[in-house]
Amino acid sequence: MSSHWLPVAGEGLRRLRRWPLRTALSAVTSAVAIAVTVNVISLSQGLDEDIRRDVERFGLRTLDVEAASVVAPGTRVDPLTLADLDRIRARVADLDPEAVVPRRHAVGTRIPDGRRVQLVAAPPDYLGTLDVPLAAGRWLTAADAAGRDGPGPLACALDSQAAADLWPGLAPAACLGRPLEVRVAGRPLRLVVVGVLSDPLRYRVLFETFDSSRGARTLSSALLAFRNVYLPFEALDGAPLSGISVVARRAAQVEALRERLFDLWPPRAAGLAAFLEPGIGVFVRKDWMDALGGSTQTGVMVGNFVWIVIVLVAAILIATLGLVGIRERYDEIAVRRCEGARRRAVAWQITVEGTVTALLGGALGLPLGYLGAALLRALVDFPFRFEIRYALPATGVALALGLLGSVLPARRAARLDPARVLGRRIT
Amino acid sequence: MPWTELLRASVSRLLRRPVASLLLLQGTVWGVAVAIFPAAVLEGTRQSALTRGAAVGAGRLALVADPTAAPRTPLTVADLTRVERALAGLGSAPPPVAGVRRLGSGRARPDAPEVTLLAGTPRTLEARGLTLAAGRWPGPDDPPGACVVEARVAEALGRPALGPGDALRLPGHPEPLLVVGVARARDPALLRTDDLGFDTGHGLYESVARPFLLAMGVPSVRDGWKRSDACVYVALGDAGELDWILARLDPPLVLRGAEAARDALGAAGRAVVALHPLVLPVLLGDEVDRFGRVSWAMFLACLVMGAVVIAHVGLLSVLERTRELALRRVEGATRPGVAAQILVEGGVLAVVGSLLGFALGAGLAELRVRLEPVHGFDWVFPTGHALAAALVALGVGLLAALLPAWRAVRLDPVEGLADE
């Protein structure tokens, strides 16, 4: 086999070297196609994976009992109370969850500029409902709650975006110790920043672009907006609870906890429909994350229509350029057949040429794609990127297309009757 | 050979082998199409938001108490005044702002559209984007129960028509009503559009847009009455609670308006959700620059890809013809004559490819617009981008033809033919 194969491969390579310009152009074309393909896959697929990973930091083991986010004016929803907190604690006690955390939400305004701030009052173990590290400073402690009755300002912690809104351009560490005065429910509250949480979302810009005012989000869905100012739970004393979170010790415990909470607040509908019924309900953050991951993927498919078209075009181009190249070489193939070359040898030679060109293109395309992504990133603030882990499949696809683009026409060309091909030319 | 003759020869050569020509052309066609269509959609939608903003409802703003706030404090007439004050300073004229309370709803028959009775403040019709076909809004001199009906109320109640002066009784509502005004029917596309600007009747709305919005933390909203065209409005008499505060702004002011209204209500301790079209106002704001730049970067990338392919194809098409050119030289064609022929052919390829590319680009733009569940998406032909793409195609096509043409011309015809 190798004795037949080697001369055929050699002929293919010789031919590539004989027409360096043509070889270079073919290689560049497949290089550009590969570069574009890898960029597109990296952008949509990689971005989607990143978003899923980031979103998981909003608490993979957390369950929430809270009012469903359904706008239905006139529907009466009794708010949660401290008695509900006790009921939950009693119901899940034997499962020994990591934490059962109540919280109160309020809208306040900053003094003096009237800027709106979202306040969340929660006990120290609230941080356990999230999987977000501190960017600077510390989280609230039990000692901070005692400060409510003291003469000094009350300790508060900020989400990174709240810090960025309050003090634009300031690093998280520089926000520590800054005073913040807000008016909430008519009374002023003096605060001092003791900690700033880091932003779990790497691509915040994508989440904010189409909801830059975050107007359509509700208080309890403000997780994504990440603009909360956290106070000790007692700071908003007297207000009803806006939510109670239960944190499982292990991911496997989430289902058992859900069943227990369903005993207290039976599910009103299955799946996504549960989000469409007003009233207090049990929500598992993991479900929400899956929904978000799933819908960003579909959204990415529709939103990245442009990119998908580009990839398809690249594929079509690679496949048909082989075809155009081979149509042009019917004569040469006929001559080779007259010289005694076997059909299979001719087909193999063309296939080798196509593969080598595609491989050359792949080798060229990877650095080209990397440079292209860097260039695009520099031009526009958009997470263009080039990930080597997608390069292999993309190169494989390009290679396959290159082969498809050369094998099929090569077989057809090899099957042509040499006498007819050459005869057509002479007449 | 005169130019016209060369042109005719090139075109007939293209037409003689349509499949081969199409293969040759497709690089240019795809390159040009992919380069122009994102710009076509972005610019078309932007223009649609600017010029048809009111028609597609891009300026609507609805404020409603946050359903997840505890305690949930309903909006009041005092809140309406706060919003009016906050929005008054935004544009040249104070926009229409209204408060609405839902009093009830019912159906005349099980299969009839649901009729909703609402109490509203005087600018309700304007704030809802409605105009009167006849009559007026109930005044202080009108008897209690004076009302304005929307266009489909007559149908919903099984009456042939309703006009000012007609008496009315609504299912589930004991008080008799008297029609004093009738609103014009709304555009069906607008009737399907929700406050977030999504076309609720679109094939991808339920399967793609709605789950995505829910996952992003946008609440589900029960406001089917807004899209029914079967509402009955009476004047809001007392200074009681409001379910909704509605406004119509200039579309470019919507994002700022929503923020200002939420700030004003936040200062009064009110947690509200502000619903407004999510996409079109963004296209009119600063954020669009980012999309403009992304689109521009894409245009550039597509041009590069297209250019490489055009060069490749151009080169192949001439290389293929070394022998034919040699023959022409033997037949007595001069070198400049052969060069002119190749250049004209390259030019014709680029122009025809660009024209087909325009058509394909328009088709892709139309497909993209149809895939979008947001109402108001549109496309226009992007003349600037198209011209740039066509010029690049022409330049690259000619350059790609020039090099082999130069070689072919220099080639001794005897050698060119003896190749075989």
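Rules used throughout
Residues numbered from 1 in each chain as written. Chains lettered and ligands numbered in written order. Predicted model: local features only at pLDDT ≥ 70, side-chain atom pairs only at ≥ 80, totals over all residues. Helix = DSSP H or I, 4+ residues; strand = E, 2+ residues; numbered from the N terminus. Buried ≥ 20, exposed ≤ 12 C-beta atoms within 10 Å, placed from the backbone. Contact = placed C-beta atoms within 7 Å. Pairing = 2+ DSSP bridges. Arc of directions from axis to C-beta. Axes fitted to C-alpha atoms, helices over the stretch in contact; angles between N-to-C directions. Parallel < 35°, antiparallel > 145°, perpendicular 65-115°, else oblique. Left-handed = near helix turned anticlockwise from the far one by under 90°. Domains from an automatic or database assignment. Nonpolar A, V, L, I, M, F, W, Y, C, P; charged D, E, K, R; others polar. Core = buried A, V, L, I, M, F, W, Y, C linked by C-beta atoms within 7 Å. pLDDT = per-residue confidence, 0-100.

(A) Layout of the overall build of chain B. Scanning chain B for helices and strands turns up 14 helices and 13 strands. If you line up chain B on its principal axes, its C-alpha atoms span 105 × 50 × 35 Å. A total of 420 residues make up chain B; the buried ones form 51% of that total. Considering only contacts within chain B whose residues lie at least 6 apart along the sequence, 82% involve residues at least 24 apart.

(B) Summary view of the overall build of chain A. Of regular secondary structure, chain A possesses 14 helices and 11 strands. Relative to its 427 residues, chain A shows a buried fraction of 44%. Within chain A, residue pairs in contact and separated by at least 24 positions form 81% of the contacts whose partners lie at least 6 positions apart.

(C) Focus on unusual backbone geometry. All names here are of chain A. Note that the residue after isoleucine 111, namely proline 112, is joined by a cis bond; omega there is 10 degrees. Secondary-structure assignment places proline 112 in the loop between strand S3 (99-111) and strand S4 (116-122). In this model, aspartate 96 sits at a positive phi of 50 degrees, which is unusual for a non-glycine residue. Relative to the elements of secondary structure, aspartate 96 occurs in the loop between helix H3 (82-92) and S3. At alanine 185, a residue that is not glycine, the phi angle is positive and equals roughly 50 degrees. Within the secondary structure, alanine 185 is located in the loop between strand S7 (179-184) and strand S8 (187-197).

(D) Focus on the pairing of strand S1 (residues 62-67) of chain A. All names here are of chain A. Across the 6 residues of S1, 6 count as buried, placing the element largely inside the fold. Summarising the sheet, S1 and strand S10 (residues 243-247) pair through 5 bridges and their orientation is antiparallel. Along S10, the bridge assignment pairs valine 65 with isoleucine 244. Relative to strand S11 (residues 280-284), S1 runs antiparallel, the two being bridged by 5 bridges. Within S11, the residue paired with aspartate 64 across the bridge is phenylalanine 283.

(E) Representation of the environment of tryptophan 265 of chain A. Residues and elements named next belong to chain A. Along the chain, tryptophan 265 falls in the loop between helix H8 (254-264) and S11. Once the C-alpha coordinates of tryptophan 265 and glycine 279 are considered, the two residues, 14 residues apart in sequence, prove to be 9.8 Å apart. Not counting residues up to four positions away in its chain, the partners in contact with tryptophan 265 are Val65, Ile280, Gly281 and Val282.

(F) The arrangement of helix H11 (residues 322-330) of chain B in detail. All names here are of chain B. Looking at H11, one finds that the buried residues are Leu325, Ala326 and Arg329. Taken end-on, H11 shows its buried residues confined to a sector of 100 degrees, consistent with a single buried face. A positive backbone phi angle near 110 degrees is found at glycine 332, which sits one or two residues after H11.

(G) The packing of helix H2 (residues 18-51) of chain B against helix H12 (residues 335-371) of chain B, seen in detail. Residues and elements named next belong to chain B. For the pair H2 and H12, interaxial distance at closest approach is 6 Å and the crossing angle is 40 degrees. Relative to H12, the element H2 is oriented oblique. Every pair of crossing elements has a handedness; the one defined by H2 and H12 is right-handed.

(H) Quick peek at the domain arrangement of chain B. All names here are of chain B. Taken domain by domain, chain B holds domain 1 (3-51 + 287-418) and domain 2 (60-276). Here the C-alpha centroids of domain 1 and domain 2 sit 52 Å apart. For the side of domain 1 that touches domain 2, the residue count by class is 4 nonpolar, 2 polar and no charged.

(I) Structural context of the nonpolar core. Ranked by internal contacts, the top residues of the largest apolar core, which has 154 residues, are Cys156 of chain A together with Leu63, Val83, Cys147, Val232 and Ala261 of chain B. Top element by residues in this core is helix H8 (residues 254-267) of chain B. It accounts for 7 residues. The residues contacting cysteine 156 of chain A, other than those within four sequence positions of it, are Leu180, Leu191, Val192, Val193, Val194, Val229, Tyr230 and Leu231 of chain A.

(J) Broad picture of the pairing of strand S10 (residues 231-235) of chain B. Residues and elements named next belong to chain B. Counting buried positions along S10 gives 5 out of 5 residues, so the element sits mostly inside the fold. For strand S4 (residues 115-120) and S10, the ladder comprises 5 bridges, and the chain directions are parallel. Paired with threonine 116 across the bridge in S10 is cysteine 231.

(K) The confidence of the model for chain B, seen in detail. When pLDDT is averaged along chain B, the result is 85; 92% of the residues meet or exceed 70. Among the prediction metrics, the complex's ipTM stands at 0.76, with pTM recorded as 0.81.

(L) Inspection of the packing of helix H1 (residues 3-16) of chain B against H12 of chain B at higher detail. All names here are of chain B. Two numbers describe how H1 lies on H12: the axes approach to 9 Å, and their chain directions differ by 55 degrees. Between H1 and H12, the interaxial angle falls into the category oblique. Here H1 and H12 pass one another in a crossing that is right-handed. When H1 is examined against H12, the residues Leu6, Leu7, Ser10, Val11, Arg13 and Leu14 are found in contact with a partner set consisting of Ala340, Gln341, Val344, Glu345, Val348 and Val352. In terms of residue class, the contact of H1 with H12 is made up of 8 nonpolar, 2 polar and 2 charged.

(M) Summary view of the environment of proline 153 of chain A. Residue and element names in this part refer to chain A. Here proline 153 is to be found in the loop between helix H4 (142-146) and strand S6 (154-159). Once the C-alpha coordinates of proline 153 and leucine 180 are considered, the two residues, 27 residues apart in sequence, prove to be 8.9 Å apart. Setting aside residues no more than four positions away along its own chain, proline 153 makes contact with Pro179, Arg190, Leu191 and Val192.

(N) The environment of leucine 158 of chain A, seen in detail. Residues and elements named next belong to chain A. As for its placement among the helices and strands, leucine 158 is situated in strand S6. Of the residues examined, leucine 158 has 31 C-beta atoms within 10 Å and is grouped as buried. As for leucine 158 and glutamate 56, which are separated by 102 residues in sequence, their C-alpha atoms are 20 Å apart. Beyond its immediate chain neighbours, meaning those up to four positions away, leucine 158 contacts Ala163, Cys175, Val193, Val196 and Val229.

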